[in-house]
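Structural description and commentary
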Amino acid sequence: MDAKTYPVTHTEAEWREILTPEQYEVMRGHGTERPGSCALLHEKRPGTFSCVGCGQPLFVAKTKFESGTGWPSFDTPVKGAVEMSEDRSYGMVRTEVHCSRCGSHLGHVFPDGPPPTGLRYCINGVALTFEPEAA
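Let me sum up the structure you'll find in this document. Computed from a predicted structure; not experimentally measured. (Residues numbered from 1 in each chain as written. Predicted model: local features only at pLDDT ≥ 70, side-chain atom pairs only at ≥ 80, totals over all residues. Heavy atoms only, no water.)

1. Observations regarding the pairing of strand β1 (residues 47–51)
Just so we agree on the cut-off: Between buried and exposed lies partly exposed: a residue is buried under 20% and exposed over 50% of the maximum accessible area for its type, with that area taken using a 1.4 Å probe on protein chains only. In DSSP terms, a helix is any run of H or I states spanning at least four residues, a strand is any run of E spanning at least two, and both are numbered starting from the N terminus. What makes two strands pair is DSSP finding at least two bridges between them.
Summarising burial for β1: 4 of the 5 residues are buried, a large majority. Bridge count between β1 and strand β2 (residues 57–60): 3 bridges; the pairing is antiparallel. Among the inter-strand pairings, S50 is bridged to a residue of β2, identified as P57. Here β1 folds back onto β2 in antiparallel fashion, the turn holding 5 residues, of which G55 has a positive phi close to 85 degrees.

The structure is reproduced here in structure tokens:
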């Protein structure tokens, strides 16, 4: 992981206890889930998407849109909830998105989203929990 110290930290053994193997591979190993494999891709109710690793709210449902990519996509994160870094893996340069509270890898951001931001936060669904708004 990055050399930065985050407000929520765990040993690698603790992360392996907290996260499922797939979540660990994505969030701590910078992996990617198979496109179209997460139920949250189809979540349309009002509510909040939070980090599986620490519970920090990351995105609100009104910023979610259908990108056709197979991963949950958002145009705007909750203010201060995510940080970005350069990712040079797989022979390309991308902007990685990670949780500002625990440093877990969430996905990537691309400049091909809808207005008003023009950004597409392409997020691995296994890195998210969803809490619907109270009725």
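2. A closer look at the sheet that holds strand β6 (residues 94–99)
The strand order β3-β4-β8-β7-β6-β5 describes an open sheet built from 6 strands, whose pairing is antiparallel. Each edge of the open sheet is held by one strand with a lone partner, namely β3 (64–65) and β5 (82–87). When β5 meets β6, the two strands line up antiparallel, connected through 6 bridges. Paired with M84 across the strands is V97, a residue of β6.

3. Points about unusual backbone geometry
Omega for the bond connecting P115 with P116 falls within 30 degrees of zero, at 10 degrees, which places this linkage in the cis form. Within the secondary structure, P116 is located in the loop between β7 (105–110) and β8 (120–123). Residues other than glycine seldom take positive phi values, yet H30 does so here, at roughly 60 degrees. With respect to the secondary-structure elements, H30 resides in the loop between α2 (21–27) and β1.

4. Focus: the packing of aromatic side chains
For the record, the criterion: Only the six-membered ring of Trp is used, alongside the rings of Phe and Tyr, when aromatic pairs are assigned; centres must lie within 6.5 Å, and planes under 30 degrees apart are stacked while those over 60 apart are edge-to-face, with the rest tilted.
Across all of its chains, the model carries 4 aromatic pairs by this definition. The interplanar angle of 50 degrees and the centroid separation of 4.7 Å between the aromatic rings of F49 and F130 together place this pair among those described as tilted. Placement of the pair is F49 in strand β1 and F130 in strand β9 (residues 128–132), with a sequence separation of 81 residues. Residue classification places F49 among the buried positions, given a relative accessible area of 0%.

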